[in-house]
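# Structure assessment
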Amino acid sequence: MLREKMDLRIKSLLLPFTDFSFYKRDLIAELAKSSNTVQYHDFFEKELLQQVYPIFNRTNRIYNLDEVKLLIKKYFPQEKLYRTSFKGENVSHYYLEYLSQISHIFLTHRNGKISLKYWKSEDEDALLGPYSGLNKVAMWNSMDRMFTTEILVILYLLRNGMTDEVYLKGYHTNVHLADTQLEQVLSRGVAETHMHLNAGGNFGMNWLGMMSPINNSYDSKATNEFYDQVISKDFELQPYIRAMVIVRILLANYLKFFEQNATSGQGLYHFYQNQELEDQLPIPLFLEHIYKGKELHGKSLDFEGIYQDLQLRYQLVAVKLGSESDWRRSAAQADIIHTLLDAYGQYNTVENLFLFKCLRYMITVPSDNYFAQIFWQYLRTKNETFQIYIQANQIRGLDNFIPYCARATEHADKGLIIHHQLQNPFLQKVELRMTTGGNVGDSKETVKKKLASRVKEILSYYRDIIGDINSEKRSIPNLGIVFHFIKKEDENGIEKCWLEYNPFLGSDSSGQTPSLDNAKLYFRQRQEDYRTEMAAVRELRESIPGLSDFIVGIDAAGSELAVEPWVFAPVFKEARNSTTHKLLYKGAKGQRIRNLGLTYHAGEDFRHLLTGIRRVHEVIEHFQFHAGDRIGHGISLGINPKNWQTRNRVVILPRIEHLENLLWVWGVYKDGYGVKIDATYLEQEILSHAEQIYKDMTGITVYNLWKAYRKKFKTFEFSQTMDVRQDDKDTSQIYCPYVKSTNTWNEERLTYAQHCKCYLHSMNEPIEVEVSQKDISIIEQIQKVVREVVSREGIVIEANPTSNTTIGEIENIFEHHIATLNQRGLQPSSTVDNGLMVSINTDDPIVFNTNINNEIAYIFYSLLDKGYSRDDILVWIDKVREIGIQSSFVESRQIRYSQRINELNKIITQLEEDY
């Protein structure tokens, strides 16, 4: 199924709850007043569609406008809408019945948990059509990233007679996807080996921070947090979010009154109209603005003043996160309305308890349309904010992901994130990826101090949180930290001149050798900064006994399009080189120092499929990767080249990227991997593109171009054979007008050209290339070769299903490529190239609204959808689950709780004393 079609259906299904345009004018409520089909058609065509078309066009690919019309009519039909909304007077009643129907179709409960109903049930054909049954899993994957699905969970509980708050204990952040048999497999233990720490939380943590501000004042710096520049989704949400802080307090306060005075008959409107407020707070006026969806920009409503007065009136206090040893209670007390709801984390989050009480009230008192309308306004604001923080399927690539991640992680609370992750009872190991904190030009000692501070913070949280786990008699997950270097473009651009760096130019007038300007070489400053960070990581973990058990690996993450692997090659080689690290801790009774594990993001985001495959191969070949090291994502190894070609007939990319793709393919061919290609065609292509860069081709061969490409993976070193001219530039020279030359290119001069603005401009010029059938044949063969290399070398591919589907070249979650990489037990015959070791992870749970258990479940259901037998799938999942545990850089240590605490205390104390 095309995900665009599926997402269009979901958008239609949830339209009045997910788009902020309905805050200002609820056209479904107005449509509900149509007493006959003529009125319905007239309003539908002239009013509703005029608002809906731009909404859909902004976030969805529309194949046919008629499809949009029919979907809306399907979900909001005239007769049912009119009847269920009491002749249009109470659309809230329709909304509750409608969302209850959706919850009935998607949800069930099993073994004390709210779970996804993956099987086909009665009446779902009418709502979902061909997307019913197992397809609901793929649909849920998309829906869970468009909409705050806890509303469906709560309605499911209420509609099934579970009206007591205690039943919320069966739901924790995400709906449970695993069925009974898969859960048995997961209960043997899972490992999270690819998760970025700051992105390890959930949207509820961000919403908690927004709903419990210090003073609810306007923050101009935060404006961009609620803006998506790519799809121009800018509703200037901040005033509305500030308003919802107050709405939440007012609704919670009224619910407290209602629970104590259920027979009073006083609805929300009259409660605040009749209330004598000493300070004459404009509550009725404020609520009227929300009820009618009035514009809040430039209004005289004093959000800050109202908020502070309500805090005083109701004695509301938000306690700082982490002030309690019990993190559930701490998170609850950080919510400003926890005292109004008498909520201390005993059942669920305060927010979910608030939603539960609101919906229960709306079902119990359906006549209070005023309360209901304000609640739907709250939900729309929350869902619109949710969509700014949680990435859906609209646009592929890391360039779209990065702003989502920045918004979602800007105010991340690491303690709450670690607590959240460790609540998974199946988790045995978890690796937390984080940056070193190093900046351009930082010294090694500066970076080391930053590292020590970060490590101390994480280990302190871990120590405190595992106390709760131990008291619950659960096994304690082993934790490790993986430091990743951020892939960034050379901030000094491509205006490079290696002559201005040349160490052989002699001394200055004082006799001192001039300091070298790294900015004059392409990416040299970045390399030196990465080297400094790497040295700081190594020295820190080797300075305190036992710390190497917690600082377990390094990685490089960020925009693949910005940085090629050659930039990091020297850094990773040094990390692996045995001369750069010690065997044992000196003076610690011979305590061993564990080696660093190496992993690297590659083949995730690429302009050309060959580029993605090449980068994976380059990492393995040039980074000294060994068995047990890992590649993050590796999407390029698994996707079908023919399918990729259908979406990428013409590709635009920098000329040097295309040239190096061709040179790499030529090298693989030359090295005898058995690739069948037209060598003449390939060499002609190489020389043709080289000519566009180097102009005069004297001395250039495919071989010396290939050698120069390979030399990029070594640290650039100068040679005294390059003689600098002292006179005016000579434009007749082919290499550089300031260099005396034989006027013939060779490998050395081609290498120097990589740091010369005379050629970098041509190298980075965007060109368009057609992907032909001949190219596809090459890609298919080369992909197979690299998969064989990965398989034989024992390199593990870290798959991240939802992340890969959202960012990469994958149609939907059921089309994930992991089973292409490893077919052992799924196909009767297997070869080296489809026997890769793979693991399943989350990547960025807060951005993709997921967890490790559900990521594994998505793959489980995708294999069922492909027609494999359940028995084979369970065996395969168990194997992949075990690969995740075995390939983790965190050692499996079965140690007593007291021993672990003692170890952590010693390390934390030493970090405090030394740094």
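Up top is the structure these notes are about.
Since the model is a prediction, treat every value here as computed from it, not as a measurement.

### A closer look at the sheet that holds strand E7 (residues 597–602)
Within the open sheet, the eight strands sit side by side as E3-E4-E5-E6-E7-E8-E13-E14. Their pairing is parallel. Each edge of the sheet is formed by a strand with only one pairing partner; in this case those strands are strand E3 (190–192) and strand E14 (837–840). Strand-to-strand, the axes of this sheet are offset by a mean angle of 25°, without reference to chain direction. In the sheet, strand E13 (residues 796–799) pairs with E14 via four bridges, with the strands oriented parallel.

### Digging into the packing of aromatic side chains
Working definition: an aromatic ring pair is given by the centre-to-centre distance plus the angle between the planes. Applying the stated rule across the entire model yields 56 aromatic pairs. Taking the centre distance of 6.0 Å and the plane angle of 70° together, the rings of Trp207 and Tyr378 count as edge-to-face. One end of the pair, Trp207, is in helix H13 (residues 203–211); the other, Tyr378, is in helix H21 (residues 369–389), and 171 residues separate them in sequence. For the pair formed by Trp207 and Tyr378, the shared burial category is buried. Centre to centre, the rings of Trp498 and Tyr752 are 4.5 Å apart; their planes meet at 85°, and the pair counts as edge-to-face. A residue pair is termed long-range when its members are at least 10 positions apart, and Trp498 in the loop between strand E5 (478–487) and helix H25 (524–543) and Tyr752 in helix H32 (residues 747–753) qualify at 254 residues. One exposure class covers both Trp498 and Tyr752, and it is buried. Taken together, the ring pairs in this structure connect Phe17, Phe76, Tyr94, Tyr95, Tyr98, Phe375 and Trp376 into an aromatic cluster. Looking at Arg630, its charged tip hangs above the ring of Phe889, at a distance of 3.8 Å from the centre. Above the face of the Tyr681 ring, Lys774 is positioned so that its terminal group lies 4.3 Å from the ring centre.

### Overview of the side chain of Asp844
Secondary-structure assignment places Asp844 in the loop between E14 and helix H37 (845–848). Lacking a salt bridge, the buried Asp844 has Arg433 as its closest oppositely charged neighbour, with an N-O distance of 9.3 Å. Aside from chain neighbours lying at most four places away, what touches Asp844 is His196, Ala199, Phe401 and Cys405.

### Section: the pairing of E13
By the alternation rule, side chains of E13 split into Val796 and Glu798 and Ile797 and Ala799, which are all buried. Where strand E8 (residues 630–633) lies against E13, three bridges are found, and the strand directions are parallel. Paired with Ile631 across the bridge in E13 is Ile797.

### Things to note about the nonpolar core
When a protein is soluble and globular, its nonpolar side chains tend to lie buried together. Of all hydrophobic cores here, the largest spans 301 residues; its most connected members are Phe286 and Tyr694. Of the residues forming this core, the biggest block, 15 residues, is contributed by helix H14 (residues 238–260). Contact partners of Phe286, with chain neighbours within four places excluded, come to Ala243, Ile246, Val247, Leu250, Leu301, Phe303 and Ile306.

### Comments concerning the packing of helix H23 (residues 414–422) against helix H24 (residues 444–471)
Two packed helices can be described by the angle between their axes and the distance between those axes. Where H23 meets H24, the closest approach of the two axes is 9 Å, and the angle between their N-to-C directions is 40°. The angle between the axes of H23 and H24 places the two elements in the oblique class. Classified by chirality, the crossing of H24 by H23 is right-handed. Contacts between H23 and H24 involve Lys414, Gly415, Ile418, His419 and Leu422 on the former and, on the latter, Glu457, Ile458, Tyr461, Tyr462, Ile465, Ile466 and Ile469. Grouping the constituent residues of the contact of H23 with H24 by class yields eight nonpolar, two polar and two charged.

Analysis parameters
- Residues numbered from 1 in each chain as written.
- Predicted model: local features only at pLDDT ≥ 70, side-chain atom pairs only at ≥ 80, totals over all residues.
- Heavy atoms only, no water.
- Pairing = 2+ DSSP bridges.
- Helix = DSSP H or I, 4+ residues; strand = E, 2+ residues; numbered from the N terminus.
- Axes fitted to C-alpha atoms, helices over the stretch in contact; angles between N-to-C directions.
- Phe/Tyr/Trp six-rings, centres within 6.5 Å; stacked < 30°, edge-to-face > 60°.
- Buried < 20%, exposed > 50% of the residue type's maximum accessible area, 1.4 Å probe, protein only.
- Lys NZ or Arg CZ within 6 Å of the ring centre and 35° of its normal.
- Lys, Arg positive; Asp, Glu negative; His and termini not counted.
- Salt bridge = Lys/Arg side-chain N within 4 Å of Asp/Glu carboxyl O.
- Contact = heavy atoms within 4.5 Å.
- Core = buried A, V, L, I, M, F, W, Y, C linked by side-chain atoms within 4.5 Å.
- Parallel < 35°, antiparallel > 145°, perpendicular 65-115°, else oblique.
- Left-handed = near helix turned anticlockwise from the far one by under 90°.
- Nonpolar A, V, L, I, M, F, W, Y, C, P; charged D, E, K, R; others polar.

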